[in-house]
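Examining the three-dimensional arrangement
Now for the letters of each chain:
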Amino acid sequence: MKARSDVAQATMDRIVEVTVAAIEAGGEPSLRVNDIARDSGVSVATLYHYFGDREGLVVAARLKQYAGATGIYLNDFASAADAATNAAEFAAVVRAFFERTTSDASRVMRFTRAEIIGSSRTRPQLADSLRVVQEGLVASLTDVFVRAQERGFMSTDFRPRDVVEFSLVLHIGSILPDLLAGDGETSTSLSRVLAELIDRVFVSQPASAS
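Here goes a summary of the coordinates provided. In this text the structure is predicted, and so the values were computed from the model without any measurement.

**Some words on the packing of helix α5 (residues 74-83) against helix α6 (residues 87-101)**
Relative orientation of the contacting elements α5 and α6 amounts to 160°, with a least axis distance of 8 Å. Taken together, the axis directions place α5 and α6 in an arrangement best described as roughly antiparallel. Relative to α6, α5 is oriented so that their crossing is right-handed. Here Asp76, Phe77, Ala80, Ala81 and Ala83 of α5 come into contact with α6, specifically with Glu89, Phe90, Val93, Val94, Phe97 and Arg100. The residue inventory of the contact of α5 with α6, partitioned by class, reads 8 nonpolar, no polar and 3 charged.

Structure representation (structure tokens):
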């Protein structure tokens with residue numbers, strides 16, 4: 001497949017950014033292709049050339065939102081995990097990841113993520129695209145945990161991919177305290193429970209003194 005030119009990619013990125021802003025401002029029902037084309041500085045024909053139709057445009061915008069709403073920050077997490085020099089430091093990195101995931105500062109991102117996942121239930125194109133994104137995320141995180149296990153920082157009782165999938169189940173399900181809190185501020189001990197789980201189950205324990 002021929003690679004897109006830098007100009008074409010920049011144009012697509014601009015269109016997607018405008019679409020994301022429109023969705024966040026008024027929701028999907030308010031999105032008008034003519035408005036997006038105008039605000040992006042392109043013709044409607046150009047927009048359709050890149051995205052096929054309105055649904056293709058919305059899917060591209062939703063994927064960008066999802067990537068920003070995962071709260072994973074993969075590169076930062078991988079760098080910190082690889083920089084750990086012992087199991088305790090690795091555990092601290094993993095705990096920090098979950099604390100960031102469940103913090104009040106990440107609340108909007110959690111709702112955005114849940115909204116997009118729910119929307120994919122009846123939208124095959126979005127569902128397929130999310131599956132690809134999520135599989136890529138699982139693969140990348142698995143590499144991080146494989147390296148940690150090889151260095152003796154993670155328990156060998158579990159396969160790294162299984163640990164990653166379980167971690168992402170917790171990550172995606174972290175919206176539950178927000179639902180329970182309603183319009184109030186989230187108040188939960190979830191991060192403390194996860195920290196205990198990480199220390200007791202995932203992380204390699206030092207040998208007991210005889």
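**Some thoughts on the environment of Ser140**
Relative to the assigned elements, Ser140 resides in helix α8 (residues 124-150). Look at Ser140 and you get partly exposed, because its relative accessible area is 29%. As for Ser140 and Glu89, which are separated by 51 residues in sequence, their C-alpha atoms are 20 Å apart.

**Some details on the nonpolar core**
In terms of nonpolar packing, the biggest core is built from 26 residues, with Phe77, Phe90, Val94, Phe145 and Ile198 touching the most fellow members. Secondary structure elements with two or more residues in this core: α5, α6, α8, α9 (160-172) and α11 (190-202). Sort the elements by how many residues they give to this core and α6 lands first, with 7 residues. If sequence neighbours within four positions are ignored, Phe145 has contacts with Phe77, Phe90, Val94, Met154, Pro160, Val163 and Val164. If you look at the next biggest cluster of nonpolar residues, it comprises 16 residues, including Met12, Ala37, Leu47 and Val58.

**Let's talk about the environment of Ala61**
Relative to the elements of secondary structure, Ala61 occurs in helix α4 (residues 54-69). Overall, the relative accessible area of 0% leaves Ala61 in the buried class. Through-space distance from the C-alpha of Ala61 to that of Glu150 is 38 Å; in sequence the pair is 89 residues apart.

**Details of a nonpolar patch on the surface**
Together, Phe111, Leu176, Leu179 and Leu180 line one region of the surface with nonpolar side chains, adding up to about 430 Å² of accessible area. No other element matches the 3 residues that helix α10 (residues 176-181) contributes to the nonpolar patch. Within the element layout of this structure, Leu179 appears in helix α10.

**Observations concerning the packing of α5 against α8**
How two helices sit against one another is set out by the angle between their axes and by the gap between those axes. Axis separation between α5 and α8 bottoms out at 10 Å; the angle between their running directions is 5°. Regarding the angle of α5 to α8, the classification is roughly parallel. In contact with Leu74, Phe77, Ala78, Ala81 and Asp82 of α5, α8 contributes Ser140, Leu141, Val144, Phe145 and Arg147. Its residues assigned to classes, the contact of α5 with α8 shows 7 nonpolar, 1 polar and 2 charged.

Cut-offs applied
- Residues numbered from 1 in each chain as written.
- Predicted model: local features only at pLDDT ≥ 70, side-chain atom pairs only at ≥ 80, totals over all residues.
- Heavy atoms only, no water.
- Axes fitted to C-alpha atoms, helices over the stretch in contact; angles between N-to-C directions.
- Helix = DSSP H or I, 4+ residues; strand = E, 2+ residues; numbered from the N terminus.
- Parallel < 35°, antiparallel > 145°, perpendicular 65-115°, else oblique.
- Left-handed = near helix turned anticlockwise from the far one by under 90°.
- Contact = heavy atoms within 4.5 Å.
- Nonpolar A, V, L, I, M, F, W, Y, C, P; charged D, E, K, R; others polar.
- Buried < 20%, exposed > 50% of the residue type's maximum accessible area, 1.4 Å probe, protein only.
- Core = buried A, V, L, I, M, F, W, Y, C linked by side-chain atoms within 4.5 Å.
- Patch = residues over 30% accessible without salt bridge, like charges linked within 9 Å, V, L, I, M, F, W, Y side chains within 5 Å.
- Areas by Shrake-Rupley, 256 points an atom, 1.4 Å probe, with all protein chains shown as cover.
- Salt bridge = Lys/Arg side-chain N within 4 Å of Asp/Glu carboxyl O.

These figures come from the coordinates and say nothing about function on their own.
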